[in-house]
Amino acid sequence: MKKTFYITTPIYYVNDIPHIGHAYTTIACDVMSRYKRMKGFDAHFLTGTDEHGQKIQAAAEAKGMTPQELVDKIHVNFKELWKVLNISNDDFIRTTEPRHVRVVQAMFKKLMDQEDIYKGSYEGWYCVPCETYVPESGMGGNRTCPDCGRPLTMMREESYFFKASKYVPQLIEHYEKNLQGVMPRARYNEIMSFLRGDVRDQSVSRTTLKWGIPIPGDEKHVVYVWFDALINYATAVGYLDAPEMFQKYWPVVRHMVGKDIIRFHCVIWPLMLLALGNNVPVSVVAHGWWTVDGEKMSKSKGNVVDPFKMAELYGADAFRYFLLREVPFGNDGDFSESALVGRINSDLANDLGNLLNRTLQMIVNYAGGVAPKGGGDDPLDAEVRALGEATLGLVDKTMETFSYDEALKHIWAFIGRGNKYIDETMPWKLRKEDQGERLNAVLHTLYEVLRLSALLTAPYIPESAEKLWKQLGLPGSPLTEKLDDFRWGEGAGTKVAKAEVLFPRIDLEQWRRGQVQPPSAPEATVEPEHEPQIDIEGFRSVEMRVARILKAEEIPKSKKLYKLEVDLGYEKRTICAGIKPFFKPEELTGKRVVVVANLKSAKLAGVESNGMVLAASTRDASGAAESLALIAPTSDVPLGSRVS
Ligand code: MSP
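Residue positions are given per chain, counting from 1 as you read along its sequence in written order. Selection of residues for local features in this predicted model requires a pLDDT of at least 70, selection of side-chain atom pairs for listing and counting requires 80 or more, and totals for whole chains, interfaces and linings are taken over all residues. Computation of side-chain values covers all heavy atoms of the structure but excludes hydrogens and water.

Further remarks concern the overall build of the protein chain. Looking only at helices and strands, the protein chain features 21 helices and 27 strands. The C-alpha atoms of the protein chain give 34 Å as radius of gyration, which overshoots the globular expectation for 644 residues (26 Å, by more than 25%). With the principal axes as the frame, the protein chain shows a C-alpha extent of 110 × 50 × 40 Å. Burial statistics for the protein chain: of 644 residues in total, 51% are counted as buried. The long-range fraction of contacts in the protein chain, counting pairs at least 24 apart against all pairs at least 6 apart in sequence, stands at 73%. Accessibility throughout is a Shrake-Rupley quantity obtained with a 1.4 Å probe, and a residue counts as covered only by protein chains that appear here. Carbon and sulfur atoms make up 51% of the accessible area of the protein chain, which amounts to about 29,500 Å² in all. Under the convention used here, Asp and Glu are negative, Lys and Arg are positive, and both His and the chain ends fall outside the count. One atom stands in for each charge, and that atom is NZ of Lys, CZ of Arg, CG of Asp or CD of Glu. The averaged location of the 85 negative side-chain charges in the protein chain is 3 Å from the averaged location of its 80 positive side-chain charges. Secondary structure is summarised from DSSP: a helix means a run of H or I of at least four residues, a strand means a run of E of at least two, and numbering begins at the N terminus for each. The reference for a compact globule is 2.2 Å times residues^0.38; the radius of gyration itself is calculated from the C-alpha atoms. Each residue's exposure class comes from its accessible area (1.4 Å probe, protein chains only) as a fraction of the maximum for that residue type: buried when under 20%, exposed when over 50%, partly exposed otherwise. It only takes one pair of heavy atoms within 4.5 Å for two residues to be counted as in contact.

Right, let's get into the site of the ligand. To be near a molecule or strand, a residue needs just one of its heavy atoms within 4 Å of it. Around the ligand, a shell composed of 23 residues is seen, among which Ile11, Asp50, Gly258, Asp260 and Trp290 lie nearest. Within the contact set of the ligand, a nitrogen atom lies 2.8 Å away from a backbone nitrogen or oxygen of Ile11. Polar contact criterion, stated in full: a pair of N or O atoms within 3.5 Å, where within protein one must be able to donate a hydrogen and the other to accept it, and residues adjacent in sequence count only if both atoms are side-chain atoms. Contacts to the ligand include Tyr13, whose backbone N or O atom sits 3.2 Å from an oxygen atom. Elements represented by at least two residues in the shell around the ligand include exactly strand 2 (12-13), helix 1 (20-38), helix 7 (225-230), helix 8 (232-235) and strand 13 (253-258). The biggest single contributor to the shell around the ligand is helix 7, with three residues.

Once that is clear, we can look at the side chain of Ser477. Tracing the sequence through the fold places Ser477 in the loop between helix 18 (462-471) and helix 19 (508-512). The class for Ser477 is buried, based on a relative accessible area of 11%. A polar contact is formed between the side chain of Ser477 and the side chain of Glu466, at a distance of 2.6 Å. If we skip the residues at most four places from it in the chain, Ser477 touches Glu466 and Trp469.

Below, the structure is given as structure tokens:
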């Protein structure tokens, strides 16, 4: 039987458009469920919208709509965003759906029947936007809400209460045995000290508003929006309608939430479940909050980060990568577009993009486009392989604790090792020295580094990992592969496909001028054949000077060479240059060029040549020049000037 895993985002209020906070939680859940699927789990991923309550009613009134019209319209924004961000949720629940209303009413009735819900009256200071009563002890100055800072309103109403206090000892005992029940540890401690304090019975109904789920048999009450909302997690896996499904996914659930809503998830919800006779979720995982350029995000400041825009400008994968790489999960983080651009250029374009580009070009140029078989017993190859295999384990360990940034650091350390391996092994040199076997072993290792990198990055950057996979010539998608089935070396023999740029570098100058779009894809460059490094003395020993071409003559015996008369200012001389296919003689006459003046003289096609004219060229497979440009000074410096 497959191992099961169930992960949920909070359900989002639909009084507002989605922002970076919503995107963050949902991306984190998406990455985790994609990862678990690749680890062979039967993973179920739920997100959705929280559509009842005062906030929604007030937002609808302000817009002159009915609450139902509002939620029908606004929830679509979330669904669209999840498409844009490549979110692979299995279900999307709306709390106004009949399947949910039925479950809320059934649970409420069950708890009433067993007298865990009773009728009383409630009086207290209430925060309307946060939908919550605030105890005197927890108020901000001037009777304001400690969370949103807005003024509180005195409310008195008949209310149903949930006997939360009755189940507190049982919950404490559960958490004492299950330290991963609340993650990270700081939040666990916070919840434990809250539970050991004064947990009161909870008001779970309202008479002051209409927009909610009616209480069976007492319809002037509607269910309090948080009691309603938390139940979504059970509704969606068939609490009432599909007991088999419920059994499969409960309680192997991880609720991912922002740090502001942990009490609802780590105290109220588990107490409700205990009262209902169900198990408590395996973990509630709390993440921190994003500020923007160092400031709290707010509509009034106009600094709300729009995830649609980020995905459009930078690509969904880059945005996904950035959010999970930038801050340790659980901590607060600061979002800035310049930090995002920095990560795109360094981690994605430079590290991963270059590794792919360099490797594919070399496989095409040196191995006929087919990933070679490995061979030999070079310790360097063994080291890279061992790091790859160890990375699988390290990623697994860090994903267990939702340490996304750590997992990414491990993956990128491996990618970085791949780039360093190219510099160390210098495949172009192996090629030049005709070390075919070693060259194949190196290209084999590099191909495997990329194949494993595609698998490891797939949960994070699914679209790009699929492109990478395709360029490696591999069939299917890395997302449907199983990480545990990965065997180093199995990629040998695969014919690679056309290399394309995965992450175009963003030109910072253009970006600063506000022209982020489109970051034009650089042309794929062939890995050049490098020469050994020289010191400055070595460079100085080449005497390059500016000269003028006085005359260009054909050499009858040669298709490529011209005999050039050049003037160095202090002397005139003859130099033969292989530039005939690119210029007519008259195009050369009078041109200023750079020549190597101290090259030993040599006879070329029967003509003595005293120096060399400098040109830049590209060459075809046979080594012949394909295109060529003469190197010339940009202004008329005196003839004979030294070039350095
Ligand atoms: N509807 C409730 C959740 C009910 S779950 C049964 C709710 N909705 S919300 O839309 O207001 O917020 C959803 C999530 O967004 C919360 O987890 C919250 O922490 C998160 N964020 C809101 N602003 C955020 C940031 N600036 N940064 C990170 N996450 C933030 O609460």
